[in-house]
Amino acid sequence: MQVVIVDDDPSTLFITCAVIRRIDDAEPIGMDSPLEALDWLAVNTPDLILIDHVMPDLDGMDVLERIRAQRHLADVPVVMITADTSVKLRVTALESGCTDFLTKPIIVPELLARAQNLLHLRLGQRMMRDQAAVLRSRVEEATARLRQQAQELVARLARAAEYRDPETGLHIERMASYSRVIAESLGLDPDDCARLAEVAPMHDIGKIGIPDAILLKPGRLTDAEMQVMREHPAIGYAVLQGSEHPLICEAAEVALGHHEKYDGTGYPKGLRGEEIPLACRIVAIADVFDALTTARPYKKPWPLDTAQTYIVEHSGTHFDPVCVDAFLRAWTSILAIHDAHPDPDFTGADGAAFR
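I will try to describe carefully the structure that is included in this document.

Criteria and thresholds
Residues numbered from 1 in each chain as written. Predicted model: local features only at pLDDT ≥ 70, side-chain atom pairs only at ≥ 80, totals over all residues. Heavy atoms only, no water. Helix = DSSP H or I, 4+ residues; strand = E, 2+ residues; numbered from the N terminus. Rg over C-alpha atoms; globule rule 2.2 N^0.38 Å. Buried < 20%, exposed > 50% of the residue type's maximum accessible area, 1.4 Å probe, protein only. Pairing = 2+ DSSP bridges. Axes fitted to C-alpha atoms, helices over the stretch in contact; angles between N-to-C directions. Contact = heavy atoms within 4.5 Å. Patch = residues over 30% accessible without salt bridge, like charges linked within 9 Å, V, L, I, M, F, W, Y side chains within 5 Å. Areas by Shrake-Rupley, 256 points an atom, 1.4 Å probe, with all protein chains shown as cover. Salt bridge = Lys/Arg side-chain N within 4 Å of Asp/Glu carboxyl O. Lys, Arg positive; Asp, Glu negative; His and termini not counted. Charge placed at Lys NZ, Arg CZ, Asp CG, Glu CD. Polar contact = N/O pair within 3.5 Å; in protein donor to acceptor, adjacent residues only side chain to side chain. Left-handed = near helix turned anticlockwise from the far one by under 90°. Nonpolar A, V, L, I, M, F, W, Y, C, P; charged D, E, K, R; others polar. Phe/Tyr/Trp six-rings, centres within 6.5 Å; stacked < 30°, edge-to-face > 60°. Lys NZ or Arg CZ within 6 Å of the ring centre and 35° of its normal.

## A word on the overall build of the protein
Within the protein one finds 15 helices and 5 strands. By the compact-globule yardstick of 20 Å for 355 residues, the protein is too spread out, its C-alpha radius of gyration being 34 Å. Along the three orthogonal principal directions, the C-alpha set of the protein runs to about 100 × 35 × 35 Å. Across the 355 residues in the protein, those meeting the buried criterion constitute 45%.

Here's what the structure looks like:
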């Protein structure tokens, strides 16, 4: 353990260093210049600092204040050595962060006992800090494992949906990427953007509860069939709700709200404006844009510019205008995502633009 001793008196410095060497595992670092000591302390963290009060260039109080101004030295014990026994000095020093005092002339047994006690306290402090770091690391590892498990669950559920719904597959990969770049364009936190990309593929998980005759119909749905189709947000929410994991909770929210419209005419709750969670407002644009621009058994793909115009024309009615603006700012990224994940061609009949 390193003990820095700052004293311009050679004899006192020699004696103090000799006493510190008598302590097991203690290494004295003696300096006769306060400026030299501060330079060393700027890049090192000792376990104890002993400073003389009266020195040239800077006195002990000046050195103490500069030590406490550095974050890495904030909890290092500092002992001031002084012949001044006035209450005023001691109170001022204590208020400035001094840990203890030694009175000149130094009494060797007292110096030895005080240094040993402070080094034992410092060692205990370091051990507690190390234990806290270990516990923090273990918590982070456990949290990461839980997050990984939740991500895997989301991915597997999304994959399960692919076996029922021909609209999934690359659709969920594209719209998840669209959602992420729209969120980035909005200036959201990178962690929030990444999490949205993870939960967006779950938006249509409720379609696992829709009958094949409706889900796979290669044409427009009747009003009655559409009513059944509109049950899929509530089904998806029922599948995902109640989890204690934030990722699954947000996936449930997106599953329930991705067909809400900004003007309140959407379903299932008819939410309006910012009543609709932001993640749902983002996913709504990503979902519709991808549905419009890719071929499905029940429709042909729209040109990209036509789909963009549709999104803009429905800003403020179907879509959040702020999210639409973010979508337009991210247009180059949107095009790159579309081109990177092309669907196989369909030759199906024209039908509803999206469901």
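Now, onward.
## Remarks on the sheet that holds strand 4 (residues 78-82)
Spatially, 2-1-3-4-5 is the arrangement adopted by the 5 strands of the open sheet, whose pairing is parallel. Of all the strands in the sheet, the pair left with one neighbour each is strand 2 (27-31) and strand 5 (100-103). Between one strand axis and the next, the sheet turns by 20 degrees as a mean value, whatever way the strands run. Sheet topology places strand 3 (residues 48-52) next to strand 4; 4 bridges connect them, and they run parallel. Within strand 4, the position partnered with Asp52 by the bridge is Ile81. Packing of helix 3 (residues 60-68) onto the sheet brings it into contact with strand 3 and strand 4, and relative to strand 4 it is tilted by some 175 degrees. The strands that helix 4 (residues 87-95) touches are strand 4 and strand 5; relative to strand 5, the one it contacts most, it runs at about 145 degrees.

## Comments concerning a negative patch on the surface
A surface patch of negative charge is lined by Asp8, Asp32, Glu36 and Asp39. Within the secondary structure, Asp39 sits in helix 2 (residues 34-41).

## With respect to the environment of Lys104
Turning to its location among the elements, Lys104 is positioned in the loop between strand 5 and helix 5 (108-162). Along the chain, Lys104 and Asn117 lie 13 residues apart, while their C-alpha atoms are 19 Å from each other. Beyond its immediate chain neighbours, meaning those up to four positions away, Lys104 contacts Asp7, Thr12, Asp52, Ile81, Thr82 and Ala83.

## As for the pattern of salt bridges
Summed over all chains, the structure comprises 15 salt bridges. A salt bridge links Arg126 to Asp47; the shortest N-O distance between them is 2.7 Å. Within this pair, whereas Arg126 is found in helix 5, its partner Asp47 is found in the loop between helix 2 and strand 3, the two being separated by 79 residues in sequence. By relative accessible area, which is 29% here, Arg126 ends up partly exposed. Measuring nitrogen to oxygen at the nearest pair gives 3.4 Å for the salt bridge that ties Arg122 to Asp75. Taken together, the residues span a long stretch of sequence, with Arg122 in helix 5 and Asp75 in the loop between helix 3 and strand 4 at a distance of 47 residues. Note on Asp75: relative accessible area 36%, which makes it partly exposed.

## Things to note about the side chain of Arg281
Within the secondary structure, Arg281 sits in helix 12 (residues 278-293). Reaching out from Arg281, the side chain makes a polar contact with the backbone oxygen of Ile276 at a distance of 2.8 Å.

## Side note on the packing of helix 7 (residues 190-199) against helix 11 (residues 246-257)
Contact geometry for helix 7 and helix 11: axes closest at 9 Å, N-to-C directions at 65 degrees. For the crossing formed where helix 7 meets helix 11, the hand is right-handed. Across the interface between the two elements, Arg195, Leu196, Glu198 and Val199 from helix 7 touch Leu247, Glu250, Ala251 and Val254 from helix 11. The residue inventory of the contact of helix 7 with helix 11, partitioned by class, reads 5 nonpolar, no polar and 3 charged.

## Re the packing of aromatic side chains
Inspection of the entire model under this criterion finds 5 aromatic pairs. A centroid spacing of 5.3 Å and a plane angle of 65 degrees characterise the contact between Phe289 and Phe327, whose relative ring orientation is edge-to-face. With Phe289 in helix 12 and Phe327 in helix 14 (residues 321-329), this residue pair connects regions lying 38 residues apart in the sequence. The buried category is assigned to Phe327, whose relative accessible area is 1%. Here Phe289 and Trp331 contribute two aromatic rings whose centre-to-centre distance is 5.7 Å and whose plane-to-plane angle is 75 degrees, an arrangement assigned as edge-to-face. Of the two residues, Phe289 sits in helix 12 while Trp331 sits in helix 15 (residues 331-340), which places them 42 residues apart along the sequence. Like Phe289, the residue Trp331 is buried in the burial classification. Stacked on the ring of Phe101, the Lys or Arg Arg90 has its end atom at 4.8 Å from the ring centre.

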